[in-house]
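# Working through the structure, step by step
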Amino acid sequence: MKNNKLLKVAAVVILILTTAVVTRIYTVKSILATNENFGKVVLLEKYLKENYLYNKDIKEEKLEEGILKGLVAGLEDPYSQYLTKDEMKKLSEQTTGKFQGIGVIISPAEDGTVTVVSPIKGSPADRAGIESGDKILKINGKDFSADKIDQASKEMRGESGTSVKILILKKKNLKTKEVEIKREEIKIDSVLKNKIGDYGYIGITMFDEETGKDFKKVLRELTDEGVKGIVLDMRGNPGGVVDSSYEIGDEILPKASFVTLKNNKGEVIEDYKTDDKYNDIKMVVLVNEGSASASEILAGAISDLHRAKIVGKKTYGKGVVQNVIALPEGDGLKLTTSEYFTPSGDSINKLGIKPDVEVDLSENVKGIGVDYLKTDTQLQKALEILKEK
């Protein structure tokens with residue numbers, strides 16, 4: 001196992017959390033220095049204060065915040081941003097597995113929209129028909145774009161029992177649809193265990209700090225029960241703690257490179273390796289458009305090492321790392337600094353993981369997973385492949 005673990009919080013805005021990114025948190029004294037080239041900014045600020053009609057309402061901290069946000073926005077990278085003290089606090093919150101909101105995971109997209117990575121299974125958003133790839137245009141009548149994703153998250157969260165109106169652009173037909181969703185307390189179990197006849201089923205909904213340990217426990221239980229194979233379901237999994245993804249990979253993969261990180265010079269700055277002790281039980285892996293980040297890392301390693309067939313739809317394509325730098329006054333910077341590569345050297349970012357067997361869900365599907373086996377064509381195909389083996 002990796003002794004020198006550095007927490008990489010991937011994923012997402014689960015209403016009260018963060019955007020769909022992989023992050024590494026650092027603290028430095030300061031990354032800002034005085035520079036003579038800021039003369040234009042000083043002149044502009046002076047002009048605003050002297051000539052703006054409502055200059056008495058100007059707040060120094062808001063001007064500074066706007067300058068810093070604009071500086072990072074100039075990169076035109078949807079995952080990089082200057083974080084205010086309040087935004088930094090939200091980013092640093094630890095995953096509890098309980099949230100009050102509608103249960104949708106969102107990410108800033110390169111087209112400038114707030115895009116759904118996936119709804120949480122069984123959540124109000126899931127029941128309302130929100131799907132991976134849908135665009136959130138308005139929340140409670142207010143327009144939201146990618147650069148306002150934190151505000152969008154804040155607008156959607158709230159106390160259980162209250163409602164929120166969301167205007168979405170459907171990915172399937174490019175038509176807009178307004179839905180009113182009642183917020184609930186959402187409890188997320190990151191590892192789900194079940195059996196389908198002689199075969200085991202393990203669903204991973206996200207990767208939190210306990211997911212690796214919980215997966216090992218469930219896999220051991222199913223193996224001891226004598227199942228003939230395992231369906232590993234990561235559909236709709238937005239990612240999470242990368243170390244948990246690595247722990248699972250180490251449990252089911254032979255000795256190999258699991259995933260590498262490269263910086264802007266193309267240098268490998270980190271290489272996760274699995275050992276030679278692993279559970280070689282037969283396995284098929286399910287993914288879809290809502291499988292992102294840490295789930296793509298695991299699926300990519302499984303595919304490259306020919307450990308199991310990948311079934312479903314091509315994954316989301318989120319494979320870059322954001323460093324989070326904490327600044328002295330509690331604010332911070334989230335900056336894309338490196339990229340993930342699968343064992344064969346393939347990039348995940350913007351490309352995703354292509355399944356070995358592509359399967360669409362049927363039009364009459366009510367949901368996915370064991371409870372919906374009769375209409376879940378992807379799960380049916382996974383079981384068919386296991387039985388063929």
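Attention in this report is confined to the structure presented alongside it. Computed from a predicted model, the values in this text were never measured in an experiment. (Residues numbered from 1 in each chain as written. Predicted model: local features only at pLDDT ≥ 70, side-chain atom pairs only at ≥ 80, totals over all residues. Heavy atoms only, no water.)

Okay, empty space enclosed by the protein next. Inspection of every chain in the model, using the stated rule, returns two cavities of 30 Å³ or more. A volume near 70 Å³ is recorded for the second largest cavity. (1 Å grid on protein atoms, 1.4 Å probe; cavity = no way out; pocket = protein on both sides within 12 Å on 5 of 7 lines; lining within 4 Å. Points joined across faces, edges and corners; volume = space filled by probe spheres on them.)

A separate point is the layout of surface pockets. Estimates place the volume of the largest pocket at around 1100 Å³. Along the walls of the largest pocket sit 36 residues, with Asp126, Leu361, Val365, Gly367 and Ile368 positioned nearest its centre. Those elements giving two or more residues to the lining of the largest pocket turn out to be strand S7 (114-119), helix H4 (124-127) and strand S13 (191-196). Sort the elements by how many residues they give to the lining of the largest pocket and S13 lands first, with three residues. Broken down by class, the residue content of the lining of the largest pocket amounts to 10 nonpolar, 12 polar and 14 charged. (Helix = DSSP H or I, 4+ residues; strand = E, 2+ residues; numbered from the N terminus. Nonpolar A, V, L, I, M, F, W, Y, C, P; charged D, E, K, R; others polar.)

With respect to the helices and strands, the residue Ile130 is situated in the loop between H4 and strand S8 (135-139). In this structure the C-alpha to C-alpha distance between Ile130 and Leu169, which are 39 residues apart in sequence, comes to 9.8 Å.

Interaxial distance between helix H7 (residues 242-252) and helix H8 (residues 294-304) falls to 9 Å at its minimum, and their mutual angle equals 20 degrees. Judged by the angle between their axes, H7 and H8 are roughly parallel. Crossing angle aside, the handedness with which H7 passes H8 is right-handed. In contact with Val242, Ser245, Ile248, Gly249 and Ile252 of H7, H8 contributes Ala294, Ile297, Leu298 and Ile302. Considering only residue class, the contact of H7 with H8 consists of seven nonpolar, two polar and no charged. (Axes fitted to C-alpha atoms, helices over the stretch in contact; angles between N-to-C directions. Parallel < 35°, antiparallel > 145°, perpendicular 65-115°, else oblique. Left-handed = near helix turned anticlockwise from the far one by under 90°. Contact = heavy atoms within 4.5 Å.)

Quick look at the pattern of salt bridges now. Enumeration according to the criterion identifies 25 salt bridges in this entry. Taking the shortest distance from any N to any O, the salt bridge between Lys49 and Glu45 comes out at 2.9 Å. With Lys49 and Glu45 both in helix H1 (residues 39-51), this residue pair falls four residues apart, about one helical turn. When salt bridges that share partners are traced, they join Lys193, Lys195, Lys217, Glu221 and Glu225 into one network. (Salt bridge = Lys/Arg side-chain N within 4 Å of Asp/Glu carboxyl O.)

Without other data, these values stay purely geometric and don't point to any function.
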